[in-house]
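# A structural walkthrough
Here's the letter readout for the chains.
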Amino acid sequence: MRGGIPICFPQFGNCGSLEQHGFARNKLWKIDENPPPLPPSDSQGKSFVDLILKPSEEDLKFWPHVFEFRLRVSLAIDGRLTLISRIRNVNGKPFNFSFAYHTYLSVSDISEVRVEGLETLDYLDNLFQRERFTEQGDALTFESEVDRVYVSSPSMVAVIDHEKKRTFVIRKEGLPDIVVWNPWEKKSKTMSDFGDEEYKQMLCVDGAVIEKPITLKPGEEWTGRLELSVVPSSFCSDLLDPGHHHF
């Protein structure tokens, strides 16, 4: 589970009765042979795969809600990776869920990384029983463990890696929250599937819905979309200049 983009559904973290981050990330998905159409821009010039997850009898014992979770993963020629999740309630009663694309980013040195786009936002701090704070810095930098949910975040966030002079640009729709996580030294040593020093080369920045879970009535569908691209850092400061409204 350490790396890539685990899909956290129908629960993020341990804030419900299910296993950590829900069951979706531990399941075998099927290829969806006949997905409902998406806009042409989501397929033109892209390689993509459509996947589907439906609950098993066993899943329904723990979480008695019938859903269809369709996931399109697409890769554009320029390397942009897009994930589109469509979750439909095919049940007779409403259900709630939280969700995250738990995106592990590879960085050269965590102490040389900054995240822009979160300034002045409120966040829930998981290191302080989800207490609410307001981000004071111009950019988020890292010198100790961080485990936060930034709420009502903008549609674009940038993760700037000074050493590699490259920037991850995260664009999102339907995902109001951003999780930022780095376990740092002490926590890394307690995780059996995580190397003691690996925290130095990683950062999780997740498009998510956590603070206000989604409620789907019977027949309703929710869509959450994440686009991840990498650009040279010089290019990015123009993108994030408040004078240009790219949000």
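Computed from a predicted structure; not experimentally measured.

## Topic: unusual backbone geometry
The omega torsion of the bond from Phe9 to Pro10 falls at 0 degrees, within 30 degrees of zero and hence cis. Along the chain, the position of Pro10 falls in the loop between strand E1 (7–8) and strand E2 (30–31). In this structure, Thr120 takes a positive phi of about 70 degrees despite not being glycine. Looking at the secondary structure, you find Thr120 in the loop between strand E8 (113–116) and strand E9 (122–125). Look at Thr120 and you get exposed, because its relative accessible area is 63%. At Arg130, a position not held by glycine, the phi torsion is positive, near 60 degrees.

## Some thoughts on the pattern of salt bridges
Following the criterion strictly, the structure yields 17 salt bridges and no others. Between Arg72 and Asp50 there is a salt bridge; the shortest N-O distance is 2.9 Å. Residue Arg72 is located in strand E4 (residues 67–76), and its partner Asp50 is located in strand E3 (residues 46–53); the two are separated by 22 residues in the primary sequence. No difference in accessibility class separates Arg72 from Asp50, as the two residues are buried. Close ionic contact of Lys189 with Glu185 constitutes a salt bridge, the shortest N to O distance being 3.5 Å.

## Examining the UniProt feature "binding site: substrate" (unreviewed entry) in the chain
UniProt records the feature "binding site: substrate" (unreviewed entry) at Arg2, Gln20 and Arg25, using the numbering of this structure. These annotated residues cover 24 residues of sequence, but their C-alpha atoms sit close together, with the largest distance between any two at 13.6 Å. Relative accessible area serves as the criterion here: at 41%, Gln20 is assigned to the partly exposed category. Other than its neighbours up to four places away in sequence, Gln20 contacts Gly13, Asn14 and Arg25.

## What about the packing of aromatic side chains?
On inspection of all chains with the given rule, the structure shows 21 aromatic pairs. An aromatic cluster is present here, built from Phe9, Phe23, Trp29, Trp63, Phe67, Phe69, Phe95, Phe97, Phe99, Tyr101 and Trp222 joined pairwise through their rings. A cation sits over an aromatic face here: Arg72 above Phe48, 3.9 Å from the ring centre.

Rules behind the numbers
- Residues numbered from 1 in each chain as written.
- Predicted model: local features only at pLDDT ≥ 70, side-chain atom pairs only at ≥ 80, totals over all residues.
- Heavy atoms only, no water.
- Helix = DSSP H or I, 4+ residues; strand = E, 2+ residues; numbered from the N terminus.
- Buried < 20%, exposed > 50% of the residue type's maximum accessible area, 1.4 Å probe, protein only.
- Salt bridge = Lys/Arg side-chain N within 4 Å of Asp/Glu carboxyl O.
- UniProt positions renumbered as here; feature names shortened; annotations may be inferred.
- Contact = heavy atoms within 4.5 Å.
- Phe/Tyr/Trp six-rings, centres within 6.5 Å; stacked < 30°, edge-to-face > 60°.
- Lys NZ or Arg CZ within 6 Å of the ring centre and 35° of its normal.

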